[in-house]
Amino acid sequence: MKTLRPKARLGLLLATLAWAVAVRGATWQVEVVHRFGGAPLNMGECVHTDAAGDVLSVTRLDYLLSRFALAADGREVVLPEQVAFVSTGAGRTRFTLRDVPAGSFSRFRFRVGPTPDQNHRDPAAIPAGDALNPTVNGLHWGWQGGFVSMALEGRWREAEATLGGYSYHLATDALAIEVEVPLRSDGGADQNLRLTLDVAKIFAEPHPIRIADGAGSTHSRAGDPLAVKLGENIARAFRAELVAVAAPVDPAAAPGTREVAAGATPYRLKVSRTFPRPSLPKDNPLTEEGVALGRRLFNDTSLSVNGTQSCASCHQATAAFTDPGRRSSVGAEGTAGTRNTMPLANLAWQTSFFWDGRASSLREQVLMPVTNPVEMHESLTNVVRKLERAAQGPAFVAAFGTPDITADRVARALEQYLLTLTSHGSKFDRVLAGTAVFDAQEQQGFELFHTEHDPRRGLAGADCFHCHGGPLFSDFAFHNNGLDAKGGAKDLGRRLATGDRADTAKFKTPSLRDVALTAPYMHDGRFATLEEAVAHYCTGVRRSGTLDPNLAKHPDGGIALGAADQAALVAFLRTLTGLGKSTDPTSITRTP
């Protein structure tokens, strides 16, 4: 082998670095702006008028973008595989494109929705935090397979007396929404790109959409011309421009301080093979010692003001960690709460907590009931003193490395324990794995649950999957499900947390796993049985200004299912019980 002289080696190194930089390409910071005609898109309010003269709102606009490319003079350069998820409601309107090549280009291309290859990937194998992870985007069809390319939902009115809903879910490989817009780009420098989506054009160009003429819903089934028209409209609704001023980019969340004992044992979290990968806290890795401490604290009555109540008092393991039979729990001093106790399983896949979502992390959530005067009514200072007097220091040493007891460490330990509570291994999961079969009634309920209700297209389902789809049986979003007319004056729901009128009477969608164990139902526990809860969606849905579009698009009262269909739905829901009965888990290890 020939030996290179130092100057030759240096020259080769510099050439290699130059090649690497050229291959790496530039970085574009992309900002997506949403408009309706000449005005900014106003989410939630019926203030936009479409080309047909209908006044409408947009309550959901979520979509995936993929296959980014630059083109000029008959040539096309496709960027290395990148996918972006955009959600107007969540304020997720910025993303980064990397490895943008140098050169002179005149067109910018991308696809609304995933590529066919991406669309057929195993959703459970997609990394946590990835734009295609179903927990991140909420756009996976679940058991029907594939992703929704764009979900556009809202309310509309033809006159003051008419207030309905529309729901457009564009999907399938056959509906390829390819976008090409003019964009002049020279050189390989880092740039700032602004994409603008004009939602008014989705209703107008080149195909006018008249919601009142039966065009209020599509799920992109074969032969649905509305989906094709919407797809062609979407392809023409974007424009792009490079901007001189840098688009602000949300900084990556800086990891907090990690407190882990040097000898702590990593905890192996076992989850179903069908579940998406969870995004676990990087600054609080699960350990055997931390989980054990959290379990002890969860059952410790000293966390309450008078030593009579623990977390487990209102979250009983035998009832899927709810308070069975109670519409609302009673606090340590005998005061009744106003909302039903939520189940605690599968919290690792959730990003907001409580019925109104006022807590954005488990670590924030777990201490709120401790200090709430209606619940445990204790100060964090007193909690720490009690634990110190009880000589709990060694358990904190094992979990965190020192005997110091702090409110933050109490929260970390509780967070670790709660993240391990998973529910899977139900009869439903065994049917999915091919080791069990539904009986005739359960099969009927399964089909009703996962079928939309659209009589115009010969579909007579129950539409449950819109809010309760996927392996976790919840989108964990916030919806007004029509419990009360005029928005539910008794409890403003999500609005209490956000202050937004558009969130009036919206509550977090609970998972339906173990639902047979968690009675009574709804945020206020008004329905004592599953049968009553199912019947609500058939005859009890009340209209209001924030009623979810997927309910508002149906007749007054709901979908009028007969007694046999309602019983079939209940039978299917009972197959979802499986807390702690995992039969085919995948072990996920997060090392400290």
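A quick note: this is a predicted structure, and the numbers were derived from the prediction, not measured.

What to know about the overall build of the protein
- Helix and strand counts for the protein stand at 19 helices and 21 strands.
- Here the contacts in the protein between residues at least 6 apart in sequence split such that 70% fall between residues at least 24 apart.
- Working note: accessible area of the protein is about 26,000 Å², and carbon and sulfur atoms make up 54% of it.

Remarks on the side chain of R111
- Position of R111 relative to the elements: it lies in strand 9 (residues 105-112).
- Residue classification places R111 among the buried positions, given a relative accessible area of 8%.
- A polar side-chain atom of R111 sits 3.0 Å from the main-chain carbonyl oxygen of P114.
- Look past the residues within four positions of R111 in its chain and what remains in contact with it is L64, L65, S66, R67, P116, D173, A176, I177 and E178.

A look at the packing of helix 17 (residues 530-540) against helix 19 (residues 563-573)
- Taken N-terminus to C-terminus, the directions of helix 17 and helix 19 make an angle of 130°; their axes are 10 Å apart at the nearest point. The angle between the axes of helix 17 and helix 19 places the two elements in the oblique class. The handedness of the crossing between helix 17 and helix 19 is right-handed. Counting all contacts with helix 17, which are made through L530, E531, V534, A535 and C538, the residues of helix 19 involved are Q566, L569, V570 and L573.
- The class makeup of the residues in the contact of helix 17 with helix 19 is seven nonpolar, one polar and one charged.

Focus: empty space enclosed by the protein
- Evaluated as defined, the whole model comprises three cavities of 30 Å³ or more.
- The computed volume of the largest cavity comes to approximately 820 Å³.
- Along the walls of the largest cavity sit 44 residues, with H468, N481, L512, M522 and Y537 positioned nearest its centre.
- Listing elements by their share of the lining of the largest cavity, those giving two or more residues are helix 15 (465-468), strand 20 (507-508), helix 17, helix 18 (549-552) and helix 19.
- Per-element tally for the lining of the largest cavity: the top contributor is helix 17, with five residues.
- When grouped by side-chain class, the residues that make up the lining of the largest cavity number 26 nonpolar, 15 polar and three charged.

Thoughts on helix 19
- Within helix 19 the residues assigned to the buried category are Q566, A568, L569, V570, A571, F572 and L573.
- As for helix 19, its buried residues are in contact with helix 13 (427-433), helix 14 (440-449) and helix 17.

With respect to the layout of surface pockets
- There is about 840 Å³ of room inside the second largest pocket.
- Forming the boundary of the second largest pocket are 40 residues, of which H315, F354, Q365, P369 and E375 lie nearest the centre.
- Elements represented by at least two residues in the lining of the second largest pocket include exactly helix 7 (311-314), helix 8 (362-365) and helix 12 (407-419).
- Class assignment of the residues belonging to the lining of the second largest pocket gives a composition of 21 nonpolar, 15 polar and four charged.

A closer look at the nonpolar core
- Judged by nonpolar contacts, the single largest core of 53 residues is most densely connected at Y63, L65, F108, V112, Y168, I202 and F203.
- Considering every element that reaches this core, the biggest residue donor is strand 5 (residues 60-72), with six residues.
- Counting residues in each nonpolar core, the second largest holds 44 residues, with L297, A359, V370 and L421 among its members.

With respect to the packing of helix 14 against helix 19
- Helix 19 packs onto helix 14 with a crossing angle of 95° between their chain directions and a minimal axis gap of 7 Å. On the basis of the axis angle, helix 14 is roughly perpendicular to helix 19. Taking contact as the criterion, the partners of Q441, E442, Q444, G445, F446, L448 and F449 in helix 14 are, on helix 19, A564, D565, A567, A568, L569, A571, F572 and L573.
- Partitioning the contact of helix 14 with helix 19 into residue classes produces 10 nonpolar, three polar and two charged.

Thoughts on the packing of aromatic side chains
- Tallying each qualifying case throughout the model produces 26 aromatic pairs.
- Between F36 and F203 the ring centres are 6.4 Å apart and the planes differ by 40°, which places this aromatic pair in the tilted class. Note that F36 is positioned in strand 1 (residues 26-36) and F203 in the loop between helix 4 (199-202) and strand 14 (217-218), a separation of 167 residues in sequence. Across the pair, F203 and F36 agree in class, each one buried.
- With centroids separated by 6.3 Å and ring planes inclined at 40°, the aromatic side chains of F396 and F400 adopt a geometry described as tilted. Within this pair, F396 and its partner F400 are both found in helix 11 (residues 393-400), separated by four residues, close to a single helical turn. Of the two residues, F396 and F400, both sit in the buried class.
- One aromatic cluster is present, formed by W28, Y63, F68, F95, F108, F110 and F238 through successive ring pairs.
- Positioned above the aromatic ring of F354 is the side chain of R358, whose terminal nitrogen or guanidinium carbon lies 3.8 Å from the ring centre.
- Above the face of the F353 ring, K508 is positioned so that its terminal group lies 5.0 Å from the ring centre.

Rules behind the numbers
Residues numbered from 1 in each chain as written. Predicted model: local features only at pLDDT ≥ 70, side-chain atom pairs only at ≥ 80, totals over all residues. Heavy atoms only, no water. Helix = DSSP H or I, 4+ residues; strand = E, 2+ residues; numbered from the N terminus. Contact = heavy atoms within 4.5 Å. Areas by Shrake-Rupley, 256 points an atom, 1.4 Å probe, with all protein chains shown as cover. Buried < 20%, exposed > 50% of the residue type's maximum accessible area, 1.4 Å probe, protein only. Polar contact = N/O pair within 3.5 Å; in protein donor to acceptor, adjacent residues only side chain to side chain. Axes fitted to C-alpha atoms, helices over the stretch in contact; angles between N-to-C directions. Parallel < 35°, antiparallel > 145°, perpendicular 65-115°, else oblique. Left-handed = near helix turned anticlockwise from the far one by under 90°. Nonpolar A, V, L, I, M, F, W, Y, C, P; charged D, E, K, R; others polar. 1 Å grid on protein atoms, 1.4 Å probe; cavity = no way out; pocket = protein on both sides within 12 Å on 5 of 7 lines; lining within 4 Å. Points joined across faces, edges and corners; volume = space filled by probe spheres on them. Core = buried A, V, L, I, M, F, W, Y, C linked by side-chain atoms within 4.5 Å. Phe/Tyr/Trp six-rings, centres within 6.5 Å; stacked < 30°, edge-to-face > 60°. Lys NZ or Arg CZ within 6 Å of the ring centre and 35° of its normal.

Any link to function would need more than the numbers given here.
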